[in-house]
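Results of the structural survey
Below are the chains, spelled out letter by letter.
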Amino acid sequence: MNDKNKNVVISVDNLFKSFGKHEVLKGVSCQINKGDKVAIVGPSGSGKSTLLRCMNLLETPTYGEVWFEEQLLTPVDPYLHFDIIRLSKTYKKLIEQIKAEDATISEEELDIKAITQIKKDDLLKKFEGAEYRKAIKTLYKEKNLDINLARQKVGMVFQHFNLFNNLTVLQNLTLAPVKLKIMSKEEANKNALSLLKRIGLEDKANAYPSTLSGGQKQRIAIVRALAMNPKVMLFDEPTSALDPEMVGEVLDLMRELANEGMTMVIVTHEMGFAKEVANRVVFIDDGVIKEEASPQEFFNNPKDERLKEFLSKVL
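The paragraphs below set out a description of the structure included in this document. Predicted model, so just to flag it, every value in this text is computed and none were measured. (Residues numbered from 1 in each chain as written. Predicted model: local features only at pLDDT ≥ 70, side-chain atom pairs only at ≥ 80, totals over all residues. Heavy atoms only, no water.)

Turning our attention to the side chain of T263. Its location among the elements puts T263 in strand 8 (residues 263-267). If near-sequence neighbours (up to four positions away) are discounted, T263 is found in contact with V9, I32, N33, K34, G35, D36, K231, V232 and M233. (Helix = DSSP H or I, 4+ residues; strand = E, 2+ residues; numbered from the N terminus. Contact = heavy atoms within 4.5 Å.)

Now the structure itself:
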């Protein structure tokens, strides 16, 4: 039960996600550090958006763990904690079996062999004894963070804006901070007007989303997330629903945020933007991270054959 690195904002550990029989993510692990600008790219249907949505539990992982800072957002996955596995009846039974078969085996080899077999054959059962159950409960109690508290610190920007069409722009920006009692109504209004001024849309405060262009809607969706003072921003293909001439104004705002040091994870098809802004680029294909590197290494010297094929088509 090692503590997470204090510099890590989001940690995804051995994540699996299935929809019915369709397995979308297949053992994905990655870390988002404070100040990172991580671009996630890959073909359609590869699992990019599902991974992003699992980061703030808009999708619940099937297996694996998601951590925010040093707090656990998902149930404990015992297969990720060897000290918990060692408390199980299954482990203790296997140790005796292996010893009986090979009396000369070292303690270290014995431990590795038992844990490997348990993980490989998915041997942990629901009721493994009081000591095992207590260890899982203790870890969860010590480390668990309420999902809603985590979501207040993780801003999310969607492909299709997700603004409330029956509310004005100003009401869209102030609803969450006031409802969650993060700010008074007066403070939220002042903050919202300041954010609108920043993006040159203060004159749209009393307008409804239906009267705005796609680029305006997306910029307002971004500052709506910023109104919660998040520690990290997640962008799910923020420009893919926009007309080409509106893409630039949204990317300009995202560049500003990046330059100011905002921690960002961006699922995107904009390769030029990924090359310019990201400090790491992640390639997902068929639910697996195939390659992860700096933009220079990623685009100029790709190693994975599937990535080479992908880049030859999109660049």
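Here we take up the pattern of salt bridges. When the charged atoms of two side chains with opposite charge come close together, those side chains can pair. Going through the model one piece at a time under the given rule, you end up with 19 salt bridges. Of the charged contacts in the structure, one is a salt bridge between K231 and E69, with a shortest N-O distance of 2.9 Å. On the criterion of sequence distance, the pair formed by K231 in the loop between helix 9 (214-226) and strand 7 (232-236) and E69 in the loop between strand 4 (63-68) and strand 5 (71-72) is long-range, its members being 162 residues apart. By relative accessible area, which is 42% here, K231 ends up partly exposed. Here E69 falls in the partly exposed class, since its relative accessible area comes to 26%. Among the ionic pairs, D285 bridges to K290, the shortest N-O distance being 3.1 Å. Counted as one network, the salt bridges with shared partners bring together D285, K290, R306, E309 and K313. (Salt bridge = Lys/Arg side-chain N within 4 Å of Asp/Glu carboxyl O. Buried < 20%, exposed > 50% of the residue type's maximum accessible area, 1.4 Å probe, protein only.)

Let's shift gears to the packing of aromatic side chains. Within a pair of aromatic rings, the relevant descriptors are the distance that separates the centres and the angle that separates the planes. Using the criterion set out here, one finds three aromatic pairs in the structure. Relative to Y63, the ring of F16 has its centre 6.3 Å away and its plane inclined at 80°; by these criteria the two rings are edge-to-face. Of this pair, F16 sits in strand 1 (residues 8-19) while Y63 sits in strand 4, placing them 47 residues apart in sequence. The exposure class assigned to F16 is partly exposed, which follows from its relative accessible area of 22%. Given the relative accessible area of 51%, Y63 is considered exposed. Ring plane angle 40° and centroid distance 5.2 Å describe the contact between F283 and F310, whose orientation is recorded as tilted. Of the two residues, F283 sits in strand 9 (residues 280-285) while F310 sits in helix 13 (residues 305-314), which places them 27 residues apart along the sequence. Using a relative accessible area of 0% as the deciding quantity, one classes F283 as buried. Against the face of F19 rests K17, its NZ or CZ located 4.8 Å from the ring centre. (Phe/Tyr/Trp six-rings, centres within 6.5 Å; stacked < 30°, edge-to-face > 60°. Lys NZ or Arg CZ within 6 Å of the ring centre and 35° of its normal.)

There is a patch of like negative charges on the surface, built from E101, D102, E108 and E109. You can see E109 is positioned in helix 4 (residues 107-121). (Patch = residues over 30% accessible without salt bridge, like charges linked within 9 Å, V, L, I, M, F, W, Y side chains within 5 Å. Areas by Shrake-Rupley, 256 points an atom, 1.4 Å probe, with all protein chains shown as cover. Lys, Arg positive; Asp, Glu negative; His and termini not counted. Charge placed at Lys NZ, Arg CZ, Asp CG, Glu CD.)

Before going further, it helps to examine helix 9. Its 13 residues give helix 9 an end-to-end C-alpha distance of 19 Å, which sits within 8% of 18 Å, the value for a rise of 1.5 Å per residue. Taken residue by residue, helix 9 has G214, G215, Q216, Q218, R219, I220, A221, I222, V223, R224, A225 and L226 as its buried positions. Packed against the buried residues of helix 9 are strand 6 (154-157), helix 7 (169-179), helix 8 (185-198), strand 7 and helix 10 (244-259). (Expected span 1.5 Å × (residues − 1).)

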